[in-house]
Every structure is written in C-alpha cells, then in structure tokens.
Amino acid sequence: MRSPLLLTIVSLLIQLSAADALKLEDIRVRDPYIVADEDTGLYYLYAQKANRLTREDESNQGVEAYVSKDLVNWSQPYSVLTLPDDFWGRQMVWAPEVHKYQGNYYLFVTFTSHDTLRPAEPGGPPQWKRGTQILRSDNGPLGPFEPISADSQTPPDQMCLDGSLWVEDGTPYFIYCHEWAETEDGTIDYAPLTDDLSELAGEPKTLFTAKSVPWAKSMKELGHKYHGYVTDGNFIYRTKTGELIMIWSTFCPEGYALIQARSDSGKLAGPWTQIEQPLFAKDGGHGMIFKTFEGQLVIALHQPNGGQQERARLFKLDDQGDRLALAGRFQPSASAGDIPDGWYVAIGDQGRVEQQEIFSYQDGIIHVYPTQAHNSEQPYAGLVTENEYSRYRLSLEYKWGEKKFIPRHDFVRDAGICFHLHGEVKMWPDSVECQIQEGDTGDLWVIGSQATSTVQNVIRNYSPKGTEVTRGGLKPRFARFHRSYCWEVPGWNEVVLEVDGDHAKFFVNGTLVNEAKDMKRFDETKQEWVPLTSGPILLQAEGAELYYRNITIEELN
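Residues numbered from 1 in each chain as written. Predicted model: local features only at pLDDT ≥ 70, side-chain atom pairs only at ≥ 80, totals over all residues. Heavy atoms only, no water.

Visitor: It is not clear to me how the sheet that holds strand β6 (residues 104-116) should be interpreted in this structure. Could you clarify?
Guide: Think of a sheet as strands paired side by side through backbone hydrogen bonds, with each pair either parallel or antiparallel. Here we have 4 strands laid out as an open sheet, ordered β5-β6-β7-β8, and antiparallel in their pairing. The outermost strands of the open sheet, each flanked by one partner alone, are β5 (92-101) and β8 (146-147). The pairing of β6 with strand β7 (residues 128-137) spans 9 bridges and is antiparallel. The partner of Thr116 across the bridge, within β7, is Trp128. (Pairing = 2+ DSSP bridges. Helix = DSSP H or I, 4+ residues; strand = E, 2+ residues; numbered from the N terminus.)

Laid out in structure tokens, this is it:
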C-alpha cells in the first residue's frame, strides 16, 4: 500500500510539470520559510493561508505548503494545517516554519486568540493572547501536523511570536520574540525545551532587546499607528569558522530591515553583539537560511513589507566567517548558469553588472523578465557578447510572453538585436539595430551611427530595387528604415542577420526584409565618419517578457 505522503508528492510533481505551475512572484507570502528536504529531494515553502485568502474568514486560517523541484516552478498550495473550530488561536496565524528533529517534522506557528491578556492602555495596542505553538507530523513535511500540547510553548501569560528551534550540545532550545506590544522594547528570549518539544524545560532568559541596535526606530516614527520597538523573525546559523550568528528583523530609518548579531561566546546564551550594518535595509526582512541541493547558501526574506504585495526574495549568501553578506539575487535555474557562456548583462545606464534578474537561462532558452510581476516597473537591459564580430551569420528564434512592464506597459511589445556596438555599452548603445517588435520586426534602426538602405519611392519601405537613402547621425541619434513587410507570426519566429563588415541583411522567417549598407561611425579624433565594420552584439530587454532560443553566431571566412 502506498503511503499518503507518496501519493501527495506524486500528485504535486505532476503539477510541477503542468502549465499552471506557479513562480515565486505569483505567491504572496509573509515570513517565508523554505525547507530543502533531503528525504524527498524537494523544496517546501510554508505560508499562512491568509496570505492567499482573506484573514476575515476564519475558515481560511491555517498553514499551507508549496512544493518545488528546482525553486523555479512551484505546485499549487497544499494544506498542512487546518484549525479545528475550538482551537484557541483562530484570529490570526503567522510565521510558520518547519524543523526536522529526531526523525519527525515539527511545525512552529504563531497563533493569536480573540481573548486578551489584559485591557489595552489608552491609545496603546491591543493585548491579545498570542504565542508560538509546536505541532508534529509523523507523515513527512506535508503533514498533517497535530498539536503536541494544549497551549503555546511560549509563556501563555506573555505576548510572544516567531518561535524557532536551535539544538546545542544535544539540547533543544526555543528562541522567540517577546512582543513590543507588551514590552515597548521588544526582546528576543530563549529557554530549553523538553526532549519531545512539548514544553519548556527551564525559565526563559533574554538575549537582547530591539534597542540594542542604536539605529532601531519606533514604528510610530515611521508613520505606523503605535509606538514600540520590534523584534521579529529570529533565525540561528553557525558559520564556517564556528561563529554563531542570529538574523532578526526590526524597523530602521529605511523601514523594515534584516539585522544580524554575533554571539561573543559562540553559544546561544551569548552575550550578543549587533553587527553594525543591516543585512537588508529597504523594506524587507523576516529571513531564514537554507542550502540548495547543489550547496548554494541562500537567504529567503519577504519584501516589500506591506500592501499585500509581499513576495519571497532569494539572495545568495556569503559566509564570511564572522558575519554574513548578501552576494546578489539568487536566480534558480535547472541549467548551469543564469546566462549563456560568452555573454554578460548591461542594465540601463549602469553598464555591465555582475548580479541581475532580467535574464534567466534554462534548457537552452533565455527568458527575459522571468519572475517580474506584470505591470511592475522594470529597467531596460541587454545581453551582450564578450567578443566583437565583423563577418558572421547570427540566427535566433524569439517568442513573446504575456507580461508587460512600466514604462512600456501601454505599448506594443518591443526588443531588438543591436550589433556593431561602439562606444559606451548602455541602453541604447551606438550601434545598428534589427528591430524585434510586434508588427515591426525587421525594421532597421541606426543609433549614433549612419547607414544607407534602399526604399520604395511611395510608401518608403525597404525594397531591394528602391532608391538609396542615407540616414543617421549624432543629433538626433536615432533614425529608422521600415522593413518591407511584416512577416511575424504567432509563436516562435526566426530572425537571421547576415553581416559582412559594413553591410548587413535582415531575414524574418526566411524572407529578406531589410538591408544596411555602408554603415559608419563618427571618429572623434578624425572628426569624420568612418566605416563601421565590427563590434559586440546585444539582445535587448525593453519592457516586455519574451524568450530567445537557438542562438548561433557563425563566423564567415
């Protein structure tokens, strides 16, 4: 007989291969927690159900999990905890995280009751009964999870949240936040647990307070309703040199932030020293750390911190021994790299960048704007060859995606192939371009350059037998020659550039649609136009989702 866990995982794996697989950008989640489970070879993202549903309907309270093979494609949500009608903490469910301990999976969740511990002070926050409770699954990471106690493991007479597990010298410890709403200056506390995690095995002690960070801000200073200094989202990590680091969150001058502290003793008991710079300072936090199956150290956090727009953000993490440092966005991919070998990424006027999320490369397909939300504001960018080319045949296929991005969200989808780049690599570089645009693929643009083409005398589109016309210059930088006809079709389209020094022909789906002759650039030293015969190649990302594949550059003798 197959186990329920095996049947569930088989069902979710089918979803991961289906067209309705989710991306992280599709999933609203506060306090993301990802488990890389060695037993199943899968990743599990845990989230409160109310992230997706409405908090006002208490039947929506509980915890669900999303499952992924590669951190790229995620299953539809699977319920791992549904609260019974008589459960004590049905008002709110926060910050689920799962730990494997002594062969079982334990779910740590912060619950809030409709009951209060005491009346609120005038103008102060409500004093809800709130605490973190531990639940256990005997059936793997998808539960179902059942309580192992009648009440929270945090002190029931205190307002507590964000409980987590740390095992030191064989002893399990419960680390949690004593909430600012009760203490004004929030604290991070800890206590030993019994071996079965069902209750505290000693008196709690305080590790540090929110105001131990000198630049911590009261929420009211940043425009929130109540005064108080927050402690949130503690997570412990042992570095490669044996240092003990805690990441946690509070409010800083730029908003919700992720902080790190280091234990001076290398033990949980501390004392703890706050590291001077936030790990992440701009409206994001409540982080956790995991390793991919390939060994990459990754931190997950949510950002932004409100507006029902929270998303899980993944960053590579650099273990520096005495502290942690972000090492750029983590771009999960089933292939060896984010971009093909021999290319680099330039963004806007920044030029070349080492960390980027505009292009992803998987299974031979380049996906442009892969994870960005539709109608979000995104920069223009280019995928640029490391080498220069002069005489060659460039062939590729492209297909439009669905998403558009500000500032081109109200326009036709646009991209292009710029070649013979000269001067500074930026958007748009001095070059010659074969336009890729809905309805206009094959248009010839000269940018800070000059070129001659042959155009019809009446409609002024390209014709091999037309009249020669030269366009381009330095001011204005842009000049256009229209293609002969629109040969673009739905789905995949092939574009071929045949380039011979200062002469290029454009083919769309096998048809010659445009031609650039006598291409030139301006030589500042000579103060004259000279032949433009070589340069790098750039594939544009210009505010529209699309895919490139089957890219070949064949150099000609």
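Visitor: Would you take a moment to explain the pairing of β5 for this structure?
Guide: The two faces of a sheet get side chains in turn, since along a regular strand they alternate between them. In terms of burial, β5 is a largely internal element, 9 of the 10 residues being buried. A loop of 2 residues connects β5 with β6, the two strands running antiparallel in sequence, and Gln102 in this loop sits at a positive phi of about 50°. (Buried < 20%, exposed > 50% of the residue type's maximum accessible area, 1.4 Å probe, protein only.)

Visitor: What's the story with the sheet that holds strand β29 (residues 444-447) in this structure? I'm lost.
Guide: Spatial strand order, β22-β21-β25-β37-β27-β28-β29-β32: 8 strands in an open sheet with antiparallel pairing. The sheet is open, and its two borders are formed by β22 (351-353) and β32 (478-481), each paired with just one other strand. Mean inter-strand twist for the sheet, computed between neighbouring axes without regard to direction, equals 30°. With 4 bridges joining them, strand β28 (residues 431-437) and β29 adopt antiparallel strand pairing. Note that in β29 the partner of Cys434 across the bridge is Leu444. (Axes fitted to C-alpha atoms, helices over the stretch in contact; angles between N-to-C directions.)

Visitor: Explain the pattern of salt bridges here, please?
Guide: Side chains that differ in sign of charge can pair as their charged atoms come close. Under the definition given, this model contains 26 salt bridges. Of the charged contacts in the structure, one is a salt bridge between Glu357 and Arg329, with a shortest N-O distance of 2.9 Å. Placement of Glu357 in the loop between β22 and β23 (359-362) and of Arg329 in strand β20 (residues 324-329) is noted, with a sequence separation of 28 residues between them. For Arg329, a relative accessible area of 23% puts it in the partly exposed group. Of the charged contacts in the structure, one is a salt bridge between Glu397 and Arg549, with a shortest N-O distance of 2.6 Å. On the criterion of sequence distance, the pair formed by Glu397 in strand β26 (residues 391-404) and Arg549 in strand β38 (residues 544-555) is long-range, its members being 152 residues apart. Overall, Arg549 belongs to the partly exposed group, its relative accessible area being 25%. Through salt bridges with shared partners, a single ionic network connects Asp440, Asp443, Arg480 and Arg483. (Salt bridge = Lys/Arg side-chain N within 4 Å of Asp/Glu carboxyl O.)

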